[in-house]
Every structure is written in C-alpha cells, then in structure tokens.
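# An overview of the molecular structure
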Amino acid sequence: MKAGSLLFLGTILGLSSCMWGDDKKPKPDITTDTLTYVNKTIKERATDCGNKPDSGCTVVKISYPMFNGQDSLNEIVSYKLVNLFGADEPGTDLQQYTEHFLAGYNAFKKHDKRSAMFFTLDSHAKIIRQDSSLTTLEISGYNFKGGAHGSSITTFINWNTKAQKSIDLGDVLTDNYKDKLTAIADTIFRKQEKLSETASLTNDYFFKDSKFALNENFSITPLGIRFLYNQYEIKPYAAGTTDLFIPYAKIKSLLKPNTVITQYLK
C-alpha cells in the first residue's frame, strides 16, 4: 500500500475513534496545565562549604513553581514554604528566609567552632495535579539544625483555579459535615490500623483525649480526599507518616453539588 493511502487510512481511523469511541462521557481535563508557570530554584551554600559536596556541608535548596498572573497563589506557595518548619520571622520572602537560615548556621559555628555538624534545608513545592477546575500542590521539605534527627513535613494547597482561592473542606462538603466525616474516617482508620471498633487509642497514638480526629492537611484527588498526618503528629517519629484516604463513595451524602469535586463523580 502506498504511503499516501496509509496516511489517509490512519486519518480516517483517528476520526472514527474520536466520533464513535466507546466512552462518550466527558472526562475531566487531567493532562493540560490550566495555569502556566515556570519552575524556580533557590540554592545557596554556606561560606565554609569550600569544595565539599552538597551532602557534606550546609546547603539551602528551595524549588517551586512561579505561576503567571497568579499573585495570590504565588504568595500562598511562598508563605507555606517559609513557614513549613515554623519560621522565627513568619513571612513570604524566600530569599530572606534562605539568608536567615544560613545566618543561623553561621551563628551556631561561632558558638561551637569545633563542631563538624552542618545544617540542611531542602524544600519544594510541586504540582501534583492540574485540571480545568483544580490545581493541587504538595509543599514538602526536610530540615536539620541539630538533634537526634531532622524533621520532614508535607502539606498541601488545593486551589480553585476558576475562583482563584484555596479550598477548605467547607467549600466542598455540606454544612455540619464534621461529625459524620470524622465517624467515617474513624472506621477507615481503625480498619487500616487493624484495630477493633472499641480499641483504645491511648497507648500508641497522640490524639487529644485519646479520641480520633481528622486534621486539616488534605489533598483533593479524583477518587477521594486524602488526609496526611506528619511525623510526630499522631504517632512516634519512627512510625513515620500516616495516610488516610476517604473515597467519595463513602461520603456521597456529604458532598456539595457543583464544586471542584463534581467532575470526578460518576
């Protein structure tokens, strides 16, 4: 068969798949970035690094997306990064934050010149999902300034792309949702942790008054809402983080209509 004929046949088949595909239900646009951005990185080494590799001296590295024409979102991203580990001087200026961290290391070295210890700050904001209604970012980092071990933290930004605002649970769930959502989450948590319905949470967990509770650290996904408990939040450091996933199928009665979640529901 000639090349021209092959091209023509391929075109017809392509059109046919678009016109008569099996799945005619519109799907959320999960492949196109609706907000444009450029990736930025701040990286600075302490003055005493010399020829040492990054793994052997004090280094600050912060990477993040800078969104075009989205001042409010950019400010929230910067604020989250600066305050991820509880900044001494809360703010949103990443360059000042970098310089403050290095100044803290220099002050430590003056106090104890014999110490071979070095500090580390490695943080990032990365886009984990974008579609026509929702932009979700993970804000995560590792910080070490002495002690037995460093600290790792992960948080999220769920951004309503059309309304240009952060999404709270109250934006997507009905009024007075908390008790019902907590009860559903408690059941999922106990099953995940292999606990009975009446097992005490006193000894192995850090919940207030030994009563299960959800935190506000969540990300919206196409299948459900993911909650993340960071190290030390509800378990000892060695236990690491705890993921708790609540499928939309479990909370259909709690979902508001016409929200960023609606596009994911069948």
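We now turn to the structure provided with this report. Quick caveat, the model's predicted, so the values are computed rather than measured.

Our focus in this paragraph is the side chain of Glu193. Here Glu193 shows up in the loop between helix H5 (178-192) and strand S7 (218-220). With sequence-adjacent residues up to four places away left out, Glu193 is seen in contact with Tyr205, Lys235 and Thr242.

Take the environment of Ile251 next. Among the secondary structure elements, Ile251 is positioned in the segment after strand S9 (242-247). Here the alpha-carbon distance between Ile251 and Gly224, two residues 27 residues apart in the chain, equals 9.0 Å. Those residues within four positions of Ile251 in sequence are excluded, and the remaining contacts are Leu173, Leu181, Ile184, Ile225 and Ile246.

The terminal C-alpha atoms of H5, which comprises 15 residues, lie 20 Å apart, in line with the 21 Å expected from a rise of 1.5 Å per residue. Looking at the buried positions of H5, the neighbouring elements they touch are helix H4 (169-172), strand S8 (224-229) and S9. Once H5 ends, the next one or two residues include Lys194, with phi positive near 60 degrees.

As a further point, take the pattern of salt bridges. Where charged atoms of side chains with opposite charge meet at close range, the side chains can pair. Evaluated as defined, the whole model comprises eight salt bridges. Note that Asp131 and Arg129 form a salt bridge whose closest N and O atoms lie 3.5 Å from each other. Asp131 sits in the buried class, given a relative accessible area of 0%. The salt bridge partner of Arg226 is Asp243, with a shortest N-O separation of 2.4 Å. Pair noted here: Arg226 is in strand S8 and Asp243 is in strand S9, with a separation of 17 residues, a long-range link. Looking at Arg226, the relative accessible area reads 25%, which means it is partly exposed. Because the salt bridges share partners, they merge into one network encompassing Lys43, Arg45 and Asp54.

The next subject is the packing of aromatic side chains. The description of an aromatic ring pair rests on the distance of the ring centres and on the angle between the ring planes. Scanning the model with the defined rule gives twelve aromatic pairs in all. Summarising the aromatic geometry, the rings of Phe108 and Phe119 are spaced 5.3 Å apart at their centres and angled 35 degrees between planes, so their arrangement reads as tilted. You can see Phe108 sitting in helix H3 (residues 94-111) and its partner Phe119 sitting in the loop between H3 and strand S3 (120-130), a full eleven residues away along the chain. Taken as a pair, Phe108 and Phe119 share a single burial class, namely buried. An aromatic cluster is present here, built from Phe189, Tyr205, Phe207, Phe212 and Tyr229 joined pairwise through their rings.

All right, on to the sheet that holds strand S5 (residues 151-160) then. Spatially, the six strands line up as an open sheet ordered S1-S2-S3-S4-S5-S6, and their pairing is mixed. Edge positions in the sheet fall to strand S1 (37-45) and strand S6 (165-166), since each has one partner strand and no second. Bridge count for S1 against strand S2 (residues 59-67) is nine bridges, and the pairing is antiparallel. Each residue of the ladder has a partner; that of Lys40, found in S2, is Tyr64. Most of the contacts of helix H2 (residues 71-82) go to S5, to which it runs at about 165 degrees, and overall it touches S2, S3, strand S4 (134-144), S5 and S6. Strands in contact with H3 are S1, S2, S3 and S4; relative to S2, the strand with the most contacts, it is inclined by about 170 degrees.

About the cut-offs
Residues numbered from 1 in each chain as written. Predicted model: local features only at pLDDT ≥ 70, side-chain atom pairs only at ≥ 80, totals over all residues. Heavy atoms only, no water. Helix = DSSP H or I, 4+ residues; strand = E, 2+ residues; numbered from the N terminus. Contact = heavy atoms within 4.5 Å. Expected span 1.5 Å × (residues − 1). Salt bridge = Lys/Arg side-chain N within 4 Å of Asp/Glu carboxyl O. Buried < 20%, exposed > 50% of the residue type's maximum accessible area, 1.4 Å probe, protein only. Phe/Tyr/Trp six-rings, centres within 6.5 Å; stacked < 30°, edge-to-face > 60°. Pairing = 2+ DSSP bridges. Axes fitted to C-alpha atoms, helices over the stretch in contact; angles between N-to-C directions.

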